[in-house]
Amino acid sequence: MIKTARRVVFKTLCDQFKPCHLRAFSTNDVPIIAKQLDAADPQTIIKKALETFGSDCAISFSGAEDVVLIEHASKTGLPFRVFSLDTGRLHPQTYKLFDDVENHYKIRIEYMFPDSAEVEQLVRKKGMFSFYEDGHKECCGVRKVGPLKRQLGTLKAWITGVRKDQSETRVALPVVQVDEVFKGKDGGPLIKWNPLSNQTSSDVWKTITDSGVPFNSLHQDGFISIGCQPCTRPVLPTQHERLGRWWWEDASKKECGLHAKAEKIA
Ligand code: SF4
């Protein structure tokens, strides 16, 4: 009995003083890893995420520029999972990209759909375009946040395409953080990897063009940030990409709930 207790204490002390890459992952390691990887390229960051979490980790793919996450993941040579939220209101061009990506990488995307009863209730009560009247939060809650929560509740980590240069609310975005909005598997902590955090839009497009990655044809029509069809429009070359999203709303409300508090370090 005493011997067993000693062994447990000894193991705990050993774990505590091991470098973080040699012991079981702890959320306390997240700020350390964030600093270590801050200058790393996206492929190195994704490799670290996949090596650490394996199939408990998945890439979130929106059907836009974040296709580069899949390209970088494929280059790691490690198995990876990809999921996407099909809100039912996406552009036909986005569905075409999903198909192209599945064929190009020989993968199946795990599509998440909204709860049909919740969509019926919203649309029967408020119509198809309620977001133009009273804001996008309610519709995004039903069509995006609900399905995302369901998916994240099966994972320990997710990989996103968010970048510092996309929004003023993302300027301090670390490459990895403890997700402050969503819980993971069994209600436990969820680690959010942001491998493109330090990349610019130009860096992302260089990867897309250099690698021959499939991309959303809407980008050729002036769309930059691409979401649902009724809530996305093209922007002028001199305009910020977020001006193409929910343009009828105040700029400070332009988050869909998927990446709130994204700027905070774990
Ligand atoms: Fe609804 Fe628009 Fe949000 Fe899509 S982006 S879920 S259509 S409010």
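Our subject is the structure that appears above.
None of these values were measured; they are calculated from a predicted model.

Now for the site of the ligand. Taken together, Phe 131, His 136, Cys 139, Cys 140, Arg 143, Lys 144, Cys 228, Cys 231 and Trp 246 make up the full set of residues near the ligand. Looking at which element gives the most residues to the shell around the ligand, the answer is helix H8 (residues 137–152), with four residues. For the shell around the ligand, the residue count by class is six nonpolar, one polar and two charged.

Another aspect to go through is helix H6 (residues 116–126). Those residues of H6 that fall on the buried side of the exposure criterion are Val 119, Leu 122 and Val 123. Projected down its long axis, H6 carries its buried residues within an arc of 90 degrees, all on one side. Relative to its buried face, H6 has exposed residues pointing more than 90 degrees away, namely Gln 121, Arg 124 and Lys 125. On its buried face, H6 is in contact with helix H7 (130–134) and H8.

A full pass over the atoms with the stated rule returns 13 salt bridges. For the salt bridge of Glu 71 with Lys 75, the shortest nitrogen-to-oxygen distance reads 3.2 Å. Here the residue Glu 71 and the residue Lys 75 both occupy positions in helix H4 (residues 67–76), the gap between them amounting to four residues, near one helical turn. Glu 120 is the partner of Arg 124 in a salt bridge, and the nearest nitrogen-oxygen pair spans 3.9 Å. Taken as a pair, Arg 124 and Glu 120 lie in helix H6 at a separation of four residues, close to a single helical turn. Its relative accessible area of 40% is what places Glu 120 among the partly exposed residues.

Moving on, we get to the environment of Lys 156. Relative to the elements of secondary structure, Lys 156 occurs in the loop between H8 and strand E4 (157–159). Separated by 30 residues in sequence, Lys 156 and Asp 186 place their C-alpha atoms 9.1 Å apart. With residues up to four places along the chain from it excluded, the contact list for Lys 156 reads Phe 53, Asp 56, Lys 185, Pro 189, Leu 190 and Ile 191.

Our focus in this paragraph is the sheet that holds strand E6 (residues 191–193). Read across the open sheet, the six strands follow the order E3-E2-E1-E4-E6-E5; overall the sheet is mixed. Of all the strands in the sheet, the pair left with one neighbour each is strand E3 (110–112) and strand E5 (176–178). Strand after strand, the sheet turns through a mean of 30 degrees between neighbouring axes, direction not considered. Sheet analysis places E5 next to E6, joined by three bridges and oriented antiparallel. Across the sheet, Gln 177 pairs through a bridge with Lys 192, a residue of E6. Contacts from H4 reach strand E1 (57–60), strand E2 (82–85) and E4, with the element oriented near 140 degrees to E1. In this fold H8 packs onto E2, E3 and E4, with an angle of close to 155 degrees to the strand it touches most, E2.

Once that is clear, we can look at the side chain of Glu 102. Relative to the elements of secondary structure, Glu 102 occurs in helix H5 (residues 92–105). Looking at Glu 102, its side chain comes within polar contact range of the main-chain nitrogen of Ile 109, at 2.8 Å. When neighbours within four sequence positions are excluded, Glu 102 is seen to be in contact with Ile 107, Arg 108, Ile 109 and Tyr 111.

Helix packing for two helices is described by the angle between their axes and how far apart those axes are. Contact geometry of H6 with H8 gives a least axis separation of 9 Å together with a crossing angle of 155 degrees. In this view, H6 runs roughly antiparallel relative to H8, as classed from their interaxial angle. Of the two elements, H6 crosses H8, and the hand of that crossing is left-handed. Facing H6, whose interface residues are Glu 118, Val 119, Leu 122, Val 123 and Lys 126, H8 presents Glu 138, Cys 139, Val 142 and Arg 143.

Moving on, we get to the side chain of Thr 232. In this fold, Thr 232 is placed in the segment after helix H9 (201–211). Residue Thr 232 is classed as buried on the basis of its relative accessible area of 5%. In terms of polar contacts, Thr 232 uses its side chain to reach the backbone amide nitrogen of Gly 227, at 3.0 Å. Within the structure, the side chain of Thr 232 is placed 2.8 Å from the backbone oxygen of Cys 228, a separation counted as a polar contact. Those residues in contact with Thr 232, other than ones at most four positions away along the chain, are His 91, Phe 223, Ser 225, Ile 226, Gly 227, Gly 244, Arg 245 and Trp 247.

Criteria and cut-off values
Residues numbered from 1 in each chain as written. Predicted model: local features only at pLDDT ≥ 70, side-chain atom pairs only at ≥ 80, totals over all residues. Heavy atoms only, no water. Near = heavy atom within 4 Å. Helix = DSSP H or I, 4+ residues; strand = E, 2+ residues; numbered from the N terminus. Nonpolar A, V, L, I, M, F, W, Y, C, P; charged D, E, K, R; others polar. Buried < 20%, exposed > 50% of the residue type's maximum accessible area, 1.4 Å probe, protein only. Arc of directions from axis to C-beta. Contact = heavy atoms within 4.5 Å. Salt bridge = Lys/Arg side-chain N within 4 Å of Asp/Glu carboxyl O. Pairing = 2+ DSSP bridges. Axes fitted to C-alpha atoms, helices over the stretch in contact; angles between N-to-C directions. Polar contact = N/O pair within 3.5 Å; in protein donor to acceptor, adjacent residues only side chain to side chain. Parallel < 35°, antiparallel > 145°, perpendicular 65-115°, else oblique. Left-handed = near helix turned anticlockwise from the far one by under 90°.

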